[in-house]
Amino acid sequence: MTPNTPVTQPTSEPARPPIRFRGRSFMATVLAPIPPVAEWFGDLDALNRRAPNFFAGRPVILDLSGLRLTREDLDGLLAELAARNIAVLGIEGAAPSLLGAGAPPALAGGRPAGEVATPDESASDASTATEPQPKETARSLILDAPVRSGQTVLHLEGDVTVLGAVASGAEVIAGGSIHVYGALRGRAIAGAAGNPTARIWCRRFEPELVAIDGLYRAADDLDPAFRGQAVEVRLLEDAIKLNLFERG
């Protein structure tokens, strides 16, 4: 280095915080196709006719442990589910060679959370009925006990009233409105049978997700000013709106 050579000083930049990774658990529904798959899709279509919004806002895990598939078979299976608006979050029980680029990720180690009830088939087939049947009056379901984590309450025939709390990891699905007299910390899905006038009321608003008639908002998308308050959730101009109400 000569006497006239300038000396470059190292540039000091503020230290950036390290990247943080956090684990988080979510409830998901497991779909396990059984052969013959064409008949299984027929049963799935029948469920969608009885409850068109059953899969709205519901993450799905595809369990392939009972099937022997090629990559083309898997692509076709995923395409059929996507055509039914069923979002597959991940896949269990598949050979690694099946899961190439663009496929949902492989998942393992999930813990069973019990069976998810589905709506029963209609007692009579509308296509063969000779006379129109009177519409059945909506029935309400009242739960005296809280809904615990891992539990799913499905009642598409009317309102659901929970006299206690709905825990984190629990799910309440109603064809009508949902009333929670305690804290709402899990998922509340109202109007699941196609009822845009349904509402959700709770004494303490801390949900993981709220949905009405297929439109949903997750916790991260909800105004934090309503957290911990007595809240009414309703649809207004095809958007979910929150309102405070007086605690009775």
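A short tour of the structure in this document, coming up.

Reading the values: rules and limits
Residues numbered from 1 in each chain as written. Predicted model: local features only at pLDDT ≥ 70, side-chain atom pairs only at ≥ 80, totals over all residues. Heavy atoms only, no water. Axes fitted to C-alpha atoms, helices over the stretch in contact; angles between N-to-C directions. Helix = DSSP H or I, 4+ residues; strand = E, 2+ residues; numbered from the N terminus. Parallel < 35°, antiparallel > 145°, perpendicular 65-115°, else oblique. Left-handed = near helix turned anticlockwise from the far one by under 90°. Contact = heavy atoms within 4.5 Å. Nonpolar A, V, L, I, M, F, W, Y, C, P; charged D, E, K, R; others polar. Buried < 20%, exposed > 50% of the residue type's maximum accessible area, 1.4 Å probe, protein only. Pairing = 2+ DSSP bridges. Patch = residues over 30% accessible without salt bridge, like charges linked within 9 Å, V, L, I, M, F, W, Y side chains within 5 Å. Areas by Shrake-Rupley, 256 points an atom, 1.4 Å probe, with all protein chains shown as cover. Salt bridge = Lys/Arg side-chain N within 4 Å of Asp/Glu carboxyl O.

Looking at the packing of helix 1 (residues 37-50) against helix 2 (residues 71-83)
Here is step 1: Interaxial distance between helix 1 and helix 2 falls to 12 Å at its minimum, and their mutual angle equals 15°. When the axis of helix 1 is compared with that of helix 2, the two are roughly parallel. The two elements helix 1 and helix 2 meet at a crossing, and its hand is right-handed. Where helix 1 approaches helix 2, its residues Val-37, Trp-40, Phe-41 and Leu-44 are matched on the opposing element by Leu-77, Glu-80 and Leu-81.
Here is step 2: Looking at side-chain class alone, the contact of helix 1 with helix 2 contains six nonpolar, no polar and one charged residues.

Let's talk about unusual backbone geometry
Here is step 1: Between Pro-35 and Pro-36 the backbone carries a cis peptide bond, its omega angle lying at -10°.
Here is step 2: Structurally, Pro-36 is set in the loop between strand 1 (29-31) and helix 1.
Here is step 3: Non-glycine residue Asn-85 carries a positive phi angle of around 60°.
Here is step 4: The topology assignment puts Asn-85 in the loop between helix 2 and strand 3 (88-92).
Here is step 5: Residue classification places Asn-85 among the exposed residues on the basis of a relative accessible area of 68%.
Here is step 6: One non-glycine residue, Glu-237, adopts positive backbone phi at about 55°.
Here is step 7: With respect to the helices and strands, Glu-237 occurs in the loop between strand 13 (231-235) and strand 14 (240-244).
Here is step 8: Relative accessible area serves as the criterion here: at 77%, Glu-237 is assigned to the exposed category.

Here we look at the sheet that holds strand 13
Here is step 1: Here we have six strands laid out as an open sheet, ordered 4-6-8-10-13-14, and mixed in their pairing. Across the chains shown, the open sheet's two edge strands, defined by having one partner strand only, are strand 4 (141-143) and strand 14. Each adjacent strand pair in this sheet contributes to an overall mean axis angle of 20°, direction not counted.

Side note on a nonpolar patch on the surface
Here is step 1: On the surface, Ile-142, Leu-163 and Tyr-181 cluster together into a nonpolar patch covering about 310 Å² of accessible area.
Here is step 2: Here Ile-142 is to be found in strand 4.

Everything listed here is a matter of geometry and, on its own, says nothing about what the molecule does.
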